Amino acid sequence: MHDRMPPVDSTIQRLRDLPRSELAEEIESIVLEKFRAVLLMDDSEELPLDISYFDLGLTSLRLTEIRQSLEQLLDLSINVNVLFNEPTVAHLVDHLTQEIQDA
């Protein structure tokens, strides 16, 4: 499976140009795609946004893979505490949206 993602620079610039509501939707879509892939879920399966991803079966090793992938794609550093203090997809999406807006 090959990702056909645009270059990081163009992805980041496109995201930074979006209004917050659209940015949050884009980030949520990206994050959900990464989590579904690691959790071996297909696109039709519901991934709860407000349940700890550890309760969904995610391991810290897989979370590290997601973190590295998101850092590379979004060209930003994700503090490990963000991932473990409030381990939900919704919290991560909020955090990443704010980070991109502040960049």
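Note: the structure precedes this text.
Residues numbered from 1 in each chain as written. Predicted model: local features only at pLDDT ≥ 70, side-chain atom pairs only at ≥ 80, totals over all residues. Heavy atoms only, no water.

Undergrad: Explain the packing of helix α2 (residues 20-38) against helix α3 (residues 60-74) to me, please; I cannot follow it from the model alone.
TA: For any two helices packed against each other, the geometry comes down to the angle between their axes and how far apart the axes lie. Interhelical geometry of α2 versus α3 gives an angle of 145° and a closest axis separation of 10 Å. The two elements α2 and α3 meet at a crossing, and its hand is right-handed. Where α2 approaches α3, its residues I27, I30, V31, K34, F35 and V38 are matched on the opposing element by R62, L63, I66, S69, L70, L73 and L74. By residue class, the composition of the contact of α2 with α3 is 10 nonpolar, one polar and two charged. (Axes fitted to C-alpha atoms, helices over the stretch in contact; angles between N-to-C directions. Helix = DSSP H or I, 4+ residues; strand = E, 2+ residues; numbered from the N terminus. Left-handed = near helix turned anticlockwise from the far one by under 90°. Contact = heavy atoms within 4.5 Å. Nonpolar A, V, L, I, M, F, W, Y, C, P; charged D, E, K, R; others polar.)

Undergrad: Mind showing me how you'd approach helix α5 (residues 89-102) here?
TA: For an α-helix, the turn length of 3.6 residues means that residues three or four places apart are oriented alike. Taking 1.5 Å of rise per residue, 14 residues should cover 20 Å, and α5 covers 20 Å from first to last C-alpha, within 8% of that figure. Within the span of α5, buried status applies to V89, L92, V93, L96, T97 and I100. Down the axis of α5, the smallest arc covering the buried residues is 130°, so these residues share one side. (Expected span 1.5 Å × (residues − 1). Buried < 20%, exposed > 50% of the residue type's maximum accessible area, 1.4 Å probe, protein only. Arc of directions from axis to C-beta.)

Undergrad: Explanation requested: α3 in the structure shown.
TA: For α3, which comprises 15 residues, the first-to-last C-alpha distance of 20 Å matches the rise-based estimate of 21 Å (1.5 Å per residue) to within 8%. Of the residues trailing α3, D75 is marked for its positive phi of about 55°.

Undergrad: Mind showing me how you'd approach the side chain of S52 here?
TA: You can see S52 is positioned in the loop between α2 and α3. Accessibility expressed as a relative area gives 17% for S52, which makes it buried. For S52, the side chain forms a polar contact with the main-chain nitrogen of F54, separated by 3.2 Å. Contact partners of S52, with chain neighbours within four places excluded, come to P87 and T88. (Polar contact = N/O pair within 3.5 Å; in protein donor to acceptor, adjacent residues only side chain to side chain.)

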